[in-house]
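Working through the structure, step by step
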Amino acid sequence: MSARWAGPRLPLAAALGALAALFALRYLGGGHLAAALLVFVGPPLLLMALVLRGSARAAFWSGVGGLLWFSHGVMDAWSLPEARLLAVLEVALALAVIAAASWRGLSARFRRRRG
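The following refers to the structure shown. On a predicted model such as this, the values are computed, not experimentally measured, just so you know.

Digging into the nonpolar core
Within the largest apolar cluster, 20 residues are counted, with the highest numbers of intra-cluster contacts made by L12, L16, F23, W69 and V97. If you list the elements that add at least two residues to this core, you get α1 (9-27), α2 (33-52), α3 (56-79) and α4 (84-114). The greatest single-element share of this core, amounting to 7 residues, is contributed by α1.

Set out below in structure tokens:
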């Protein structure tokens, strides 16, 4: 039995869903359907479903994945001028995933500091 996560589920799930949609838009037309689904589209969709069920582990792994997606987006924005807009959107969504996954811990940390 996994621990329940009390953080902001809906913003995290929405960011994960938007990231999966962005990856589908970007990679599904390239001819490598299985690889695009397994590597890019599938993980954020699976994490989104688990986050909506309240899984604390899924929220943690969403934050870890957000760091990877952020790095991937920065790399693509830097090296692929033709994909720069989608890469910058990926970076923004990755930052949203990281912020939403970390929100509960950050708010507790700074609430403790003030009090």
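There's plenty left to go through after this.
Describing α2
An α-helix turns once every 3.6 residues. As a result, residues three or four positions apart point the same way. If you look at α2, its biggest bend is around 50°, right at G42, and the proline P43 turns up within four residues after that. Every buried residue belonging to α2 is among A36, F40, V41, P44, L47 and V51, and all of these are buried. Positive phi appears at G54, one or two residues downstream of α2, with a value of about 95°.

Section: the packing of aromatic side chains
In this structure the tally under the stated criterion is 5 aromatic pairs. Judged by centre distance (6.1 Å) and plane angle (40°), the rings of F23 and Y27 are tilted. With F23 and Y27 both in helix α1 and 4 residues apart, the pair spans about one turn of that helix. Every member of this aromatic cluster is reached through a ring pair, and the members are F23, Y27, F40 and W69.

Digging into the environment of S79
On the secondary structure map, S79 appears in helix α3. Here S79 falls in the partly exposed class, since its relative accessible area comes to 44%. A distance of 2.8 Å separates the side chain of S79 from the backbone oxygen of M75, its partner in a polar contact.

Side note on the pattern of salt bridges
On inspection of all chains with the given rule, the structure shows 2 salt bridges. The shortest N-O distance in the salt bridge between R26 and D76 comes to 2.7 Å. Highlighted residues: R26 in helix α1 and D76 in helix α3, separated in sequence by 50 residues. Assigned by exposure class, R26 and D76 land together as buried.

So, how was this worked out
Residues numbered from 1 in each chain as written. Predicted model: local features only at pLDDT ≥ 70, side-chain atom pairs only at ≥ 80, totals over all residues. Heavy atoms only, no water. Core = buried A, V, L, I, M, F, W, Y, C linked by side-chain atoms within 4.5 Å. Buried < 20%, exposed > 50% of the residue type's maximum accessible area, 1.4 Å probe, protein only. Helix = DSSP H or I, 4+ residues; strand = E, 2+ residues; numbered from the N terminus. Bend = angle between axes of the 7 residues up to and from the residue. Phe/Tyr/Trp six-rings, centres within 6.5 Å; stacked < 30°, edge-to-face > 60°. Polar contact = N/O pair within 3.5 Å; in protein donor to acceptor, adjacent residues only side chain to side chain. Salt bridge = Lys/Arg side-chain N within 4 Å of Asp/Glu carboxyl O.

Honestly, that's just the spatial picture; any functional story needs more than this.
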